[in-house]
Amino acid sequence: MSERVYNALFLCTGNSARSILAEAILQSEGKGRFNAYSAGSNPAGKVHPYSLDLLKIMGHPTEELRSKNWDEFSGSEAPRLDFVFTVCDNAAGETCPVWPGQPMTAHWGIPDPAAATGSEAEKRAAFTEAYRMLFNRISLFLALPLDSIDKMSLQNRLVEIGAEKVEV
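Everything numeric in this text was worked out from a predicted model, so none of it was measured.

Trainee: I'd like a description of the overall build of the chain, backed by residues and values.
Mentor: Counting its secondary structure elements, the chain contains five helices and four strands. Taking 2.2 N^0.38 as the reference for a compact globule, 168 residues should give roughly 15 Å; the C-alpha atoms of the chain span a radius of gyration of 15 Å, in line with that estimate. Projected onto its principal axes, the C-alpha positions of the chain cover 50 × 35 × 30 Å. Burial analysis of the chain (168 residues in total) assigns 44% to the buried set. Long-range contacts, defined here as pairs at least 24 residues apart, represent 70% of the contacts in the chain between residues at least 6 apart. Between the mean site of the 16 positive side-chain charges and the mean site of the 21 negative ones, the chain shows a separation of 1 Å.

Trainee: Describe the packing of aromatic side chains, with residues and values.
Mentor: Counted according to the given criterion, the structure contains 13 aromatic pairs. Each ring, one from Y6 and one from F83, has its centre 5.9 Å from the other, and the planes form 50 degrees; the classification is tilted. Residue Y6 is found in strand β1 (residues 6-11), and its partner F83 is found in strand β3 (residues 83-86); the two are separated by 77 residues along the sequence. The pair formed by Y6 and F83 is uniform in burial state, with each residue classed as buried. Ring plane angle 80 degrees and centroid distance 5.0 Å describe the contact between F83 and F141, whose orientation is recorded as edge-to-face. Here the residue F83 occupies a position in strand β3, and F141 occupies one in helix α4 (residues 120-142), the gap between them amounting to 58 residues. Take F83: its relative accessible area is 2%, and that puts it in the buried class. Members of the aromatic cluster, each reached through a chain of ring pairs, are Y6, F10, F34, F83, F85, W108 and F141.

Trainee: Can you break down α4 residue by residue, with the values?
Mentor: For α4, built from 23 residues, the straight-helix expectation of 33 Å at 1.5 Å per residue is met to within 8% by its first-to-last C-alpha distance of 33 Å. Among all positions of α4, only F127, A130, Y131, R132, M133, L134, N136, R137, I138, F141 and L142 are buried. Buried residues along α4 sit in contact with β1, α1 (18-29), β2 (34-39), α2 (49-57), β3 and α5 (151-163).

Quick notes on the rules
Residues numbered from 1 in each chain as written. Predicted model: local features only at pLDDT ≥ 70, side-chain atom pairs only at ≥ 80, totals over all residues. Heavy atoms only, no water. Helix = DSSP H or I, 4+ residues; strand = E, 2+ residues; numbered from the N terminus. Rg over C-alpha atoms; globule rule 2.2 N^0.38 Å. Buried < 20%, exposed > 50% of the residue type's maximum accessible area, 1.4 Å probe, protein only. Contact = heavy atoms within 4.5 Å. Lys, Arg positive; Asp, Glu negative; His and termini not counted. Charge placed at Lys NZ, Arg CZ, Asp CG, Glu CD. Phe/Tyr/Trp six-rings, centres within 6.5 Å; stacked < 30°, edge-to-face > 60°. Expected span 1.5 Å × (residues − 1).

This is the structure:
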């Protein structure tokens, strides 16, 4: 009997940095247990180059990554979603489409690295910090016993993960 594969969608307004990082992390770290996606309510139309640089450095494939509208995941042809995570405060406050599959949702807010100011090194450091925070939250998520935990406990744990100050 094969293990169930879950579908997870990460949302951010621009879909160029945080949600893209999260998609790549879960796709890689989920080791075939997850199909990870990302989208935005107002997509930038391209992935931020610092996101792509960092993901390549961290060993994640980037060829399939693209900035896309969340409407791609709300139609009848969209994958049936199990989880939807907002990773920016703007997306968390927006009225989202109806997602196929009635997924569990949680807000995992991360500061926007694309809004960082300063030198190039400081801007890239903001991307590294966003990656670290997302990696740690996704690691906590992956440690959950998804096949055996009851729905209410799982929902509570997803919310707790987003509220935690995640340290290395």
